[in-house]
Amino acid sequence: MAFGARILKTGMAVTLALYLSELLQFSSPVGAAIAAIFAMQPSIYRSWRYFLDQIQTSTMGAVLALLGGLLLSNQPIAVGLVCILVIMISMKMNRGDTIGLTLVTVISVMEASGQWEFALNRFLLTLTGIVSAFLINIIVFPPKPRKQYIQQIENVFKSLSLLLRTAVSHEMKESVFRDEKNALEGSIKSLADKYSLFEEEQKSLRRAKYSQTRQMVVYKNLLSSVQKGFEVLEAVDRHYFQAERSEETDILFDRHLEQLIKYHEHILLKFEDKLKPNTTDTDPLGDDNDRFLEAAILGYNAEKSGQLRLSIVAAAVYDYGYQLERLDRVAEQINRMSEEKE
């Protein structure tokens, strides 16, 4: 059973919303609790954006519901038509993530047959819930997505390295391998979502600082490297064992994958500034990566079944190595700039 900061903060936001509703003597505090649940976001920036967006769509929804209740009454077909109109307008405003809570407001207001006092009460309830979630989000365990991103990269690499080391040798039980691979895929998708969050924040800045832009380049390359590693796993799983192979072929792929994993680990240590200057030389990897692909191509034998499948796996491995070289260049540049500052 998972328990995290966001779960705790959601419960606290609901509690605060209910207390504030009682303090302000709202007749039905449930609406504020519902708003607090919807408004809890993974970052402070998203919380603020949601607050602004929800005020716009809730105001629009309450006004349309008020007019609909006055002109069309509160018959089910009228409620449905107003909901359709609100959804269309929200989508046109690019406020799709606020539709759920806005529709709750619309239905509640129309249920009261368009009474403006009830519409105002409902709007204030929604506002109370959103404010409660925003306050809890910035006060209690404020989100630190960048720190979490780096920690998650490290965890993802540990899982990736284990699976890549055992992929070709086929040492891990198939059921365990599948479970670990599915978990890894979910973690990488979570990383991609966090990166999208960073991009969203970056685009909101009129003039991003150079350090922020550089950080985005680092995050993108870190994400791409684990994605390319996962593509190798997918290629091995789908194609490698369906091809007729020699013992030399297994050794070739296994050794090169081991080299790439060590290289990947070395680069991550560079980013963490845990290595002494010029501890090891990683420049020759480009040549080794080329030689690996050449050896895989030269080992092609049309008479053996499924040999084209090995080419797909070799291409994925080569691409992983190429991405690691790019990541290494970024790490070298970051370290060089840090040394110059010192």
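Quick note: structure is the one above.
The shown structure was predicted, so the numbers you read here are calculated from the model rather than taken from an experiment.

## Some points on the overall build of the protein chain
Here's step 1: Scanning the protein chain from N- to C-terminus turns up 12 helices and zero strands.
Here's step 2: When its helices and strands are written in sequence order, the protein chain yields α-α-α-α-α-α-α-α-α-α-α-α.
Here's step 3: For the protein chain, with 342 residues in total, the buried portion stands at 42%.
Here's step 4: If you take every contact in the protein chain between residues at least 6 apart in sequence, the share linking residues at least 24 apart comes to 81%.
Here's step 5: Of the roughly 19,200 Å² that the protein chain leaves accessible, carbon and sulfur atoms contribute 57%.

## With respect to the pattern of salt bridges
Here's step 1: Tallied over the entire structure, the rule returns 14 salt bridges.
Here's step 2: Here Asp53 ties to Arg95 by a salt bridge, and the two come within 3.0 Å at their closest N and O atoms. With a gap of 42 residues between them, Asp53 in helix α3 (residues 44–72) and Arg95 in the loop between α4 (76–92) and α5 (99–111) connect regions that are remote in the sequence. Take Asp53 and Arg95: they sit in the same class, and that class is buried.
Here's step 3: Where Asp319 meets Lys228, a salt bridge forms, and the shortest distance between an N and an O atom there is 2.9 Å. Within this pair, whereas Asp319 is found in helix α12 (residues 307–341), its partner Lys228 is found in helix α9 (residues 210–239), the two being separated by 91 residues in sequence.

## A word on the nonpolar core
One recurring pattern in soluble globular proteins: nonpolar side chains tend to sit buried together.
Here's step 1: Counting 49 residues, the largest nonpolar core has Tyr149, Leu164, Leu184, Val232 and Leu233 as its most contacted members.
Here's step 2: Setting aside anything within four residues of it in sequence, one finds Leu233 in contact with Leu160, Leu163, Leu164, Ala167, Phe177, Lys181 and Leu184.
Here's step 3: Ala13, Val14, Ala36 and Tyr50 belong to the second-largest nonpolar core, a separate cluster that totals 18 residues.

## Comments concerning the packing of helix α1 (residues 5–23) against helix α2 (residues 30–39)
Here's step 1: Contact pair α1 / α2: the axes reach a minimum separation of 8 Å and the direction vectors enclose 150°. It follows that α1 is roughly antiparallel to α2 by the angle criterion. You can see that α1 and α2 cross each other, and the crossing is right-handed. For the pair α1 and α2, the contacting residues are Thr10, Ala13, Val14, Ala17, Leu18 and Ser21 in the first and Ala32, Ala33, Ala36 and Ile37 in the second.
Here's step 2: Tallied by class, residues from the contact of α1 with α2 come to eight nonpolar, two polar and no charged.

## Let's talk about a nonpolar patch on the surface
Here's step 1: The grouping of Val63, Leu67, Leu70, Leu71 and Leu72 at the surface amounts to a nonpolar patch, some 510 Å² of accessible area in total.
Here's step 2: Residue Leu72 is classed as partly exposed on the basis of its relative accessible area, which comes to 45%.

## A closer look at the packing of α1 against helix α6 (residues 116–139)
Here's step 1: Contact pair α1 / α6: the axes reach a minimum separation of 8 Å and the direction vectors enclose 135°. Comparing their axes, α6 and α1 come out oblique. The two elements α1 and α6 meet at a crossing, and its hand is right-handed. Of the residues in α6, those in contact with Lys9, Met12, Ala13, Leu16, Ala17, Leu20 and Ser21 of α1 are Leu125, Thr128, Gly129, Ser132, Ala133, Ile136 and Asn137.
Here's step 2: For the contact of α1 with α6, the class distribution of residues is eight nonpolar, five polar and one charged.

Scoring rules and cut-offs
- Sequence positions are assigned chain by chain, starting from 1 and proceeding in written order.
- Local features in this predicted model are restricted to residues of pLDDT 70 or higher, and side-chain atom pairs are both shown and tallied only at a pLDDT of 80 or more, whereas totals for entire chains, interfaces and linings draw on every residue.
- Side-chain calculation: all heavy atoms of the structure are included, whereas hydrogens and water are not.
- Helix and strand assignments follow DSSP, with helices taken as H or I runs no shorter than four residues and strands as E runs no shorter than two, numbered in order from the N terminus.
- To sort residues, take the accessible area from a 1.4 Å probe on protein chains only and compare it with the maximum for the residue type: under 20% means buried, over 50% means exposed, and anything in between is partly exposed.
- Note on contacts: a residue pair is in contact if any heavy atoms of the two residues lie within 4.5 Å.
- Where accessible areas are quoted, they stem from the Shrake-Rupley method and a 1.4 Å probe; at the residue level, only the protein chains shown are allowed to cover.
- Basic side-chain nitrogens of Lys or Arg form a salt bridge, by our definition, when they fall within 4 Å of a carboxyl oxygen of Asp or Glu.
- For the purposes of this section, nonpolar cores are sets of buried Ala, Val, Leu, Ile, Met, Phe, Trp, Tyr and Cys residues that join through side-chain atoms within 4.5 Å.
- What counts as an axis is a line fitted to C-alpha atoms, over the stretch in contact for a helix, and the angles between N-to-C directions run from 0 to 180 degrees.
- For this classification, under 35 degrees means roughly parallel, over 145 means roughly antiparallel, 65 to 115 means roughly perpendicular, and everything else is oblique.
- Crossings are sorted by hand: turned counterclockwise from the far helix by less than a right angle, the near helix makes the crossing left-handed, and turned clockwise it makes it right-handed.
- By the convention adopted, Pro, Cys, Tyr, Trp, Phe, Met, Ile, Leu, Val and Ala count as nonpolar, Lys, Arg, Asp and Glu as charged, and the other residues, Gly among them, as polar.
- The patches described consist of residues with a relative accessible area above 30% and no salt bridge, like charges being joined within 9 Å and nonpolar side chains (Val, Leu, Ile, Met, Phe, Trp, Tyr) within 5 Å.

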